[in-house]
Amino acid sequence: MPPPLSSRLSPTLLYIAMDDLRSIFWTLAVSFTAYILMRRRFDPLRSIPTVGGPSVPGIFYPNLAALNFVRNAKELLTIGHEKYRGAAFKVAFMGRWIVVVSDSKHLDEIKSHPELSIAEGLDEFLQLKHTIGATAQSDRFHVNAIRDQLTRSLNVVMPAVAEELALAIPEYIPCTGDGPWISGARRSIQQTVRILKPIFYERKTKLQEYGADWTDRPSLTHALYDLATHPGFIQPLRDEIESVIAADGWTKRGMNNLWKLDSFLRESQRVNGLFLISLARKAMKDVTLHDGTFLPKGTFIVADQCTVHNDDNNYEHADQFDPFRFARMREVPGEDLKHQLVTTSREYLPFGHGKHACPGRFFASMELKAVMSYLLVNYDIALDGSLRPENQYFGIDISPDPSGRVLFRRREPRGP
Ligand code: HEM
C-alpha cells in the first residue's frame, strides 16, 4: 500500500496545499453569502413577510419550504393569518412564491382585477395543460358555453339528469328493503374497473379533442359524510324533498325549492371545501394593491378560503356545522334569493367570486341536489363508524377520506 499523501509531501508543500484549500473554502463561502444577500436585496417580494421558512434562500431553500407547505398548508395558512391579520404574506410553492390574502378589501380587489389572470392562476394550481388539455387554457370557448348555453338550458337538462339517476344509482347501490346495510364503495370500485376500461380509451381520445369538465364528486362525498355523521338532519331533509317532489316533480323548479338541502350543501362546502384557497390569480403586469402591496409581473396571489370560512366575524359559531343556517337566513324578508349554494361573496369562496366565479356552479348545484334527493328518498343512510372520516390535506387540496364508508339500505319512497 502506498504511504499516505501527507508523508510524501514536504511540510512546506503541505502547508501551501492546505492554504489553497482554505482560500477556496472562504472564496466559496463569501460568494455564496454575497449571492444570497444580492438575491434578497433584489427580490421584488422581499417586503412581503414569509410563512413556513426563511425569506432568504439557502442551498435547499425554497424547495424545503415548498415541501413544508405541501405537507402543512393548513397550519401555515393559519399561522400567517394569526400573525399578519389583514396583511398579505407569502408561502413557498413549487418553484415560486404565492402571496396569500384574506381580508375583504384585498378579496374585492383581486377577484376581478384586469391585470390578474384567472386562466393563468388556475393553470398553475390545476396544471390544466396536463390534467385537462392545453386548449382549456388557451381557448376559453367552454367558459361561455357553460355560462350561457348550459346554464340557460338547465330546465331541459334536469329531466335527463333525473332519468340517469334512476338508472345509475340502483345499479351502484343494489340493495333491497329488507336486506342488510351495504356500502356502495367496494362494488362501485369493481364495477368502475370493468366499466372504465373501454370508456377510458374512448374518453382519452375525446379529451384530446374537446377538453374536460370539472368534477363535483368530492363535494358529494363530503356531503354524504356530513349527512351520515349528522343523522338527525336526514328526516327534515327528506320531508322537504318529498313534499317538493310531490308538488314540482324532478324539475329545475323543484331543485330551486329545496332550501334546506341547498343550505346543507352550502354549509358542507363552507366547512369542507375542495381547496384551502380560492381566487387563484397571476399578475400579468406589475400590480400595486390598495395597501401598497407590490406584486411584480408573474406573481401568483390567492385568497385563503379556509380562514375566510372559519372566521367568526363572517359566520356565527363558524367552527360548528350548522346545516340549516343559510335556509334560516333566506327566511328573512328580502333575503330569499341570497345565501344560496350558487351565491358567491367575500365570505363564501368555494366557487370563487366576481367576474370569473365558476360558471358551472348552477349545473353543479342542480346536479348535487338531484343526487342527494334521490339518495335521501330511496335509501336509509348511515355512517360505518361513529366519527366523520377525516379529511386529507395535500398542499392546497382537501380530499374526503377515500377509505371512509357510508352504508345504504333501500327504503320505500313516500308519495308519487
Ligand atoms: C362543486 C363543484 C365545483 C366547484 C367547487 C367549482 C369551483 C370552481 C372555482 C373555485 C373556480 C375558480 C373561480 C374563481 O377563481 O373566481 C372555478 C372555475 C371554473 N369552473 Fe367550476 N367548480 C365546480 C363545478 C364545475 C362544473 C360542473 C363545471 C362545468 C360544467 C365547472 C366549470 C368551471 C370553469 C369553466 C371555470 C373557469 C372559469 C373562468 O376561467 O372564468 N365547474 N370552479
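- As recorded by an unreviewed UniProt entry, the protein carries the name Cytochrome P450 and is attributed to Dichomitus squalens.
- As its UniProt record puts it under Cofactor (unreviewed entry), the protein is described as follows: "heme".

**Some thoughts on the nonpolar core**
Next up, step 1: With 43 residues, the main nonpolar core has Val-99, Val-100, Ile-301, Val-302 and Ala-303 as its most contacted residues.
Next up, step 2: Elements supplying a minimum of two residues to this core: helix 3 (63–84), strand 1 (89–93), strand 2 (96–101), helix 4 (104–111), helix 5 (118–126), strand 5 (277–283), strand 8 (300–304) and helix 15 (305–309).
Next up, step 3: Considering each element in turn, this core owes the most residues, six residues, to helix 3.
Next up, step 4: Here this core spans two domains, since at least three of its residues come from each of domain 2 (47–97) and domain 3 (136–183 + 210–410).

**Observations concerning the packing of helix 12 (residues 234–248) against helix 14 (residues 259–271)**
Next up, step 1: Between helix 12 and helix 14, the shortest axis-to-axis distance is 8 Å and the interhelical angle comes to 135 degrees. In this view, helix 12 runs oblique relative to helix 14, as classed from their interaxial angle. Contacts between helix 12 and helix 14 involve Pro-236, Leu-237, Glu-240 and Ile-241 from the former and Lys-260, Leu-261 and Phe-264 from the latter.
Next up, step 2: Grouping the constituent residues of the contact of helix 12 with helix 14 by class yields five nonpolar, no polar and two charged.

**Let's talk about the sheet that holds strand 4 (residues 182–183)**
Next up, step 1: If you walk across this open sheet you meet the three strands as 4-12-9, and the pairing is antiparallel. Each edge of the sheet is formed by a strand with only one pairing partner; in this case those strands are strand 4 and strand 9 (379–383).
Next up, step 2: One ladder, built from five bridges, connects strand 9 with strand 12 (residues 406–410); its direction is antiparallel. Pairing of Leu-383 across the sheet is with Val-406, part of strand 12.

**Focus: the UniProt feature "binding site: heme" (unreviewed entry) in the protein**
Next up, step 1: What UniProt calls "binding site: heme" (unreviewed entry) maps, in this numbering, to Cys-358.
Next up, step 2: Inspection of the secondary structure assignment puts Cys-358 in the loop between helix 16 (325–331) and helix 17 (361–378).
Next up, step 3: Look at Cys-358 and you get buried, because 20 C-beta atoms sit within 10 Å.
Next up, step 4: If we skip the residues at most four places from it in the chain, Cys-358 touches Phe-351 and Gly-352.

**Here we look at the environment of Gly-179**
Next up, step 1: Following the sequence through the fold, Gly-179 ends up in the loop between helix 9 (154–172) and strand 4.
Next up, step 2: With 230 residues separating them in the primary sequence, Gly-179 and Arg-409 have C-alpha atoms 7.1 Å apart.

**Overview of the pairing of strand 1**
Next up, step 1: Extensive coverage of strand 1 is indicated by the burial of five of its five residues.
Next up, step 2: Burial along strand 1 is two-sided: Phe-89, Val-91 and Phe-93 and Lys-90 and Ala-92, pointing in opposite directions, are all buried.
Next up, step 3: Connecting strand 1 to the next strand, strand 2, in antiparallel fashion are two residues, including Gly-95 with a positive phi near 75 degrees.

**Focus on unusual backbone geometry**
Next up, step 1: For His-317, which is not glycine, the phi torsion reads 45 degrees and is therefore positive.
Next up, step 2: Tracing the backbone shows His-317 in the loop between helix 15 and helix 16.
Next up, step 3: The exposure class assigned to His-317 is exposed, which follows from the 9 C-beta atoms found within 10 Å.

**Digging into the packing of helix 12 against helix 17**
Next up, step 1: As a packed pair, helix 12 and helix 17 sit with axes 9 Å apart at the nearest point and diverge in direction by 105 degrees. Relative to helix 17, the element helix 12 is oriented roughly perpendicular. Contacts between helix 12 and helix 17 involve Ile-234, Leu-237, Arg-238, Ile-241 and Glu-242 on the former and, on the latter, Ser-373, Leu-376 and Val-377.
Next up, step 2: Of the residues in the contact of helix 12 with helix 17, the class split is five nonpolar, one polar and two charged.

**Side note on helix 3**
Next up, step 1: Between the first and last C-alpha of helix 3 there are merely 23 Å, a value that for 22 residues lags more than 12% behind the 32 Å anticipated at 1.5 Å per step.
Next up, step 2: Of all the bends in helix 3, the largest measures some 100 degrees and sits at Asn-72.
Next up, step 3: Along helix 3, the positions that sit buried rather than exposed are Ala-65, Ala-66, Phe-69, Ala-73, Leu-76, Leu-77, Gly-80 and His-81.
Next up, step 4: Those residues of helix 3 that are buried are in contact with strand 1, strand 2, strand 8, helix 15 and strand 10 (392–394).
Next up, step 5: Count one or two residues on from helix 3 and you reach Gly-86, which has phi positive near 90 degrees.

**A few points about the pairing of strand 12**
Every other side chain in a regular strand lies on the same face of the sheet, so the side chains alternate between the two faces.
Next up, step 1: Of the pairings in the sheet, the one linking strand 4 to strand 12 comprises two bridges and is antiparallel in character. By the bridge assignment, Ile-182 is partnered in strand 12 with Phe-408.

**Remarks on the environment of His-339**
Next up, step 1: Of note, His-339 is situated in the loop between helix 16 and helix 17.
Next up, step 2: Owing to 21 C-beta atoms within 10 Å, His-339 belongs among the buried residues under this scheme.
Next up, step 3: A C-alpha to C-alpha distance of 9.9 Å links His-339 and Trp-259, two positions 80 residues apart in sequence.
Next up, step 4: Apart from the residues lying within four places of it in its own chain, the contact partners of His-339 are Phe-326, Met-329 and Arg-330.

**Some thoughts on helix 12**
Next up, step 1: The terminal C-alpha atoms of helix 12 lie 21 Å apart, and with 15 residues this matches the ideal 21 Å at 1.5 Å per residue to within 8%.
Next up, step 2: Among all positions of helix 12, only Leu-237, Arg-238, Glu-240, Ile-241, Val-244 and Ile-245 are buried. Projected down its long axis, helix 12 shows its buried positions confined to an angular sector of 165 degrees, all on one face. Pointing more than 90 degrees away from the buried face of helix 12 are the exposed residues Gln-235, Ala-246 and Ala-247.
Next up, step 3: Structurally, helix 12 contributes buried residues whose contacts are with helix 13 (252–256), helix 14 and helix 17.
Next up, step 4: Positioned one or two residues after helix 12, Gly-249 has a phi angle of 70 degrees, which is positive.

What counts, and where the lines are drawn
- Residues numbered from 1 in each chain as written.
- Predicted model: local features only at pLDDT ≥ 70, side-chain atom pairs only at ≥ 80, totals over all residues.
- UniProt positions renumbered as here; feature names shortened; annotations may be inferred.
- Core = buried A, V, L, I, M, F, W, Y, C linked by C-beta atoms within 7 Å.
- Buried ≥ 20, exposed ≤ 12 C-beta atoms within 10 Å, placed from the backbone.
- Helix = DSSP H or I, 4+ residues; strand = E, 2+ residues; numbered from the N terminus.
- Domains from an automatic or database assignment.
- Axes fitted to C-alpha atoms, helices over the stretch in contact; angles between N-to-C directions.
- Parallel < 35°, antiparallel > 145°, perpendicular 65-115°, else oblique.
- Contact = placed C-beta atoms within 7 Å.
- Nonpolar A, V, L, I, M, F, W, Y, C, P; charged D, E, K, R; others polar.
- Pairing = 2+ DSSP bridges.
- Expected span 1.5 Å × (residues − 1).
- Bend = angle between axes of the 7 residues up to and from the residue.
- Arc of directions from axis to C-beta.

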